[in-house]
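Observations on chain architecture
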There are 2 protein chains.
Amino acid sequence: MPNISRGDVFASACPSRQILQHVTSRWGGLVLIALREETLRFAQLRRRIDGISERMLAQTLQVLEGDGLILRTDHGEVPPRVDYTLTPAGREISARVFALSDWIEENLPELLALTPNAAAQTVQ
Amino acid sequence: MPNISRGDVFASACPSRQILQHVTSRWGGLVLIALREETLRFAQLRRRIDGISERMLAQTLQVLEGDGLILRTDHGEVPPRVDYTLTPAGREISARVFALSDWIEENLPELLALTPNAAAQTVQ
DNA sequence: TGGGATACTTACATTGTTGTATGCACTTAC
DNA sequence: GTAAGTGCATACAACAATGTAAGTATCCCA
């Protein structure tokens, strides 16, 4: 079996492509950003990330946990208390996803000015 | 009408969320990374990005062009010659998407070691 | 004279993603 | 006692994303 020294996202079969996909999925990135500074519980994440459904949050968390990027801690209490933190690898990735989203947030006015079409301009 | 000073990706209606989505879409990120260092023609991009279909490449390019991140130049020749470059804003974003993918590529062995499930390990 | 390359577009079918609604077992607050 | 909160799982339906295949006009090469 081949030893891999580094990935190549341009190769469709490379696992790095899948990981990249997970962390840039519709909700994956937002979850990582939300956990960047603090450990959060399920319901807190749900409230923080506007528009996410419980189903999608649960699914996204499982994928990221499966990739070893977040850590799930079940306190075994009733009513349930479970919280989520980033692992070291998760923190690295989160920082980079945040750098991207932060740049977009900061430069949004300029970005909106660039777009001739109204598509991305839809405030509201 | 409200003046926006910066975006907020956590708000579902914020345009920054849509832009983030575009640049982290299945093919959007790869296109931006591919154009990071050089201007490329349609067919070159197609060959570079393993697995993308013509349909998806065309669509992705249009979205990113609509966001003002890439510039399309049609030389008006026959047979057709068209090439794509990043705009200044596109370069900024591309650099950040690349930082993310590059970290993943470089740390792929460690990342694979983290995953207990075989899902992300599927080489081949 | 036939085949491949170029940069797409369009129609159609399939697959994948996402939302909605419901249920669970139990607690605390009103 | 009633409602709301907790962290999910599950079934189902709707919708969005994607792939496949074909077509376009022209050129170059063998």
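Each chain has its residues counted from 1, following the order in which its sequence is written. Starting at A for chains and at 1 for ligands, labels are handed out in the order in which the entities are written. This being a predicted model, a pLDDT of at least 70 is required before a residue's local features are given, and a value of 80 or more before pairs of side-chain atoms are given or counted; all residues contribute to the totals for chains, interfaces and linings. Side-chain measures were taken over the full set of non-hydrogen atoms in the model, leaving aside hydrogen atoms and water.

1. As for the confidence of the model for chain A
Residue and element names in this part refer to chain A. Of all residues in chain A, 91% attain a pLDDT of 70 or more, and the chain-wide mean is 91. For every residue, the predictor states its confidence as a pLDDT score lying anywhere from 0 to 100. By the criteria applied, helices consist of DSSP H or I runs no shorter than four residues and strands consist of E runs no shorter than two, each listed in order from the N terminus. When mean pLDDT is taken per element in chain A, helix α5 (residues 88-106) scores highest with 98 and helix α6 (residues 108-114) scores lowest with 94. Contacts were defined at the residue level, with two residues in contact if any of their heavy atoms lie within 4.5 Å. This stretch, residues 119-124, has a pLDDT under 50; its non-local contacts, to residues over four places away or in other chains, come to 11 contacts.

2. Looking at the protein's contact with DNA strand C
Near DNA strand C lie 21 residues; those nearest to it are Met56(A), Arg41(B), Glu54(B), Arg72(B) and Tyr84(B). Note on definitions. A residue lies near a molecule or strand when any single heavy atom of the residue is within 4 Å of it. By atom count, sugar and phosphate contribute 70% of the portion of DNA strand C lying within 4 Å of the protein. Here a polar contact is taken to be a pair of N or O atoms separated by no more than 3.5 Å, where protein atoms must pair a possible hydrogen donor with a possible acceptor and residues adjacent in sequence count only if both atoms sit in side chains. A distance of 3.2 Å separates a sugar or linking oxygen of DNA strand C from a polar backbone atom of Pro80(B). For the surface near DNA strand C, the secondary structure elements donating two or more residues are α4 (54-66) of chain A together with α3 (42-48), α4 (54-66) and β3 (82-86) of chain B. With 4 residues, α4(B) is the single largest residue contributor to the surface near DNA strand C. Grouping the amino acids of the surface near DNA strand C by side-chain chemistry returns 11 nonpolar, 3 polar and 7 charged. Following the grouping adopted for this structure description, the nonpolar residues are Ala, Val, Leu, Ile, Met, Phe, Trp, Tyr, Cys and Pro, the charged ones are Asp, Glu, Lys and Arg, and the polar ones are all others, Gly among them.

3. Here we look at the sheet that holds strand β2 (residues 70-74) of chain B
Criterion used throughout: strands pair if DSSP finds at least two bridges between them. Overall, antiparallel pairing links the 3 strands, which are arranged β1-β3-β2 (chain B) in an open sheet. Strands with a single pairing partner mark the edges of an open sheet, and in this sheet they are β1 (40-41) and β2 of chain B.

4. Some words on the protein's contact with DNA strand D
DNA strand D sits among 20 residues. The nearest are Arg41(A), Glu54(A), Arg72(A), Tyr84(A) and Met56(B). Taking the atoms of DNA strand D that fall within 4 Å of the protein, sugar and phosphate contribute 72% of them. Between Gln62(A) and DNA strand D, the recorded distance is 2.9 Å, taken from a side-chain N or O atom to a phosphate oxygen. Here a base oxygen of DNA strand D sits 3.0 Å away from a polar atom, N or O, in the side chain of Arg55(B). Among the secondary structure elements, those contributing two or more residues to the surface near DNA strand D are α3 (42-48), α4 and β3 (82-86) of chain A together with α4 of chain B. Here the residues of the surface near DNA strand D sort into 10 nonpolar, 3 polar and 7 charged.

5. Side note on the sheet that holds strand β2 (residues 70-74) of chain A
Strand order in the open sheet made by the 3 strands is β1-β3-β2 (chain A), with antiparallel pairing throughout. Of all the strands in the sheet, the pair left with one neighbour each is β1 (40-41) and β2 of chain A.

6. Digging into unusual backbone geometry
Across the junction of Val78(A) and Pro79(A), the peptide omega takes the value 0°, indicating a cis bond. With respect to the helices and strands, the residue Pro79(A) is situated in the loop between β2 and β3.

7. A short note on the pattern of salt bridges
All names here are of chain B. By definition, a salt bridge exists where a carboxyl oxygen of Asp or Glu is found within 4 Å of a side-chain nitrogen of Lys or Arg. Enumeration according to the criterion identifies 14 salt bridges over all chains in this entry. For the salt bridge of Arg36 with Glu37, the shortest nitrogen-to-oxygen distance reads 3.5 Å. Remark: exposure states derive from per-residue accessible area (1.4 Å probe, protein chains only) relative to the maximum for the residue type, with buried under 20%, exposed over 50%, and partly exposed in between. A residue is classified by how much of its surface remains accessible, and Arg36, at 31% relative accessible area, is partly exposed. Among the salt bridges present, the one from Asp74 reaches Arg72, with a minimum N-O distance of 3.4 Å. When its relative accessible area of 44% is taken as the criterion, Asp74 is described as partly exposed. Note on Arg72: relative accessible area 38%, which makes it partly exposed.

8. Here's the deal with the relation of the copies chain A and chain B
Taken together, a rotation about one axis and a shift along it account for how the two chain copies relate. When the copies are superposed, the least-squares fit draws on C-alpha atoms of residues that have pLDDT of at least 70 in both. Between chain A and chain B, the superposition needs a rotation of 180° and an axial shift of 0.0 Å, giving an RMSD of 0.0 Å. Taken together, the rotation angle and the small translation identify this as a two-fold axis. Among all residues of chain A, the one whose C-alpha sits closest to the rotation axis is Thr24(A), at a distance of 2.7 Å. Most of the interface of chain A is mirrored in chain B, where 100% of its interface residues are also at the interface.

9. Here we look at the packing of α5(A) against helix α1 (residues 15-23) of chain B
At their nearest, the axes of α5(A) and α1(B) sit 10 Å apart, and the two run at 135° to each other. One element, α5(A), and the other, α1(B), form an angle in the oblique class. Between α5(A) and α1(B) the crossing geometry is right-handed. Seen from α5(A), the contacting residues are Leu100(A), Ser101(A), Ile104(A) and Glu105(A); seen from α1(B), they are Ser16(B), Ile19(B), Leu20(B) and Val23(B). Grouping the amino acids of the contact of α5(A) with α1(B) by side-chain chemistry returns 5 nonpolar, 2 polar and 1 charged. Inter-axis angles, ranging from 0 to 180 degrees, are taken between N-to-C directions of lines fitted to C-alpha atoms, where helices are fitted over the stretch in contact. When an angle is under 35 degrees it counts as roughly parallel; over 145 it counts as roughly antiparallel; between 65 and 115 it counts as roughly perpendicular; any other value is oblique. Left-handed describes a crossing in which the near helix is turned anticlockwise from the far one by less than a right angle; the clockwise case is right-handed.

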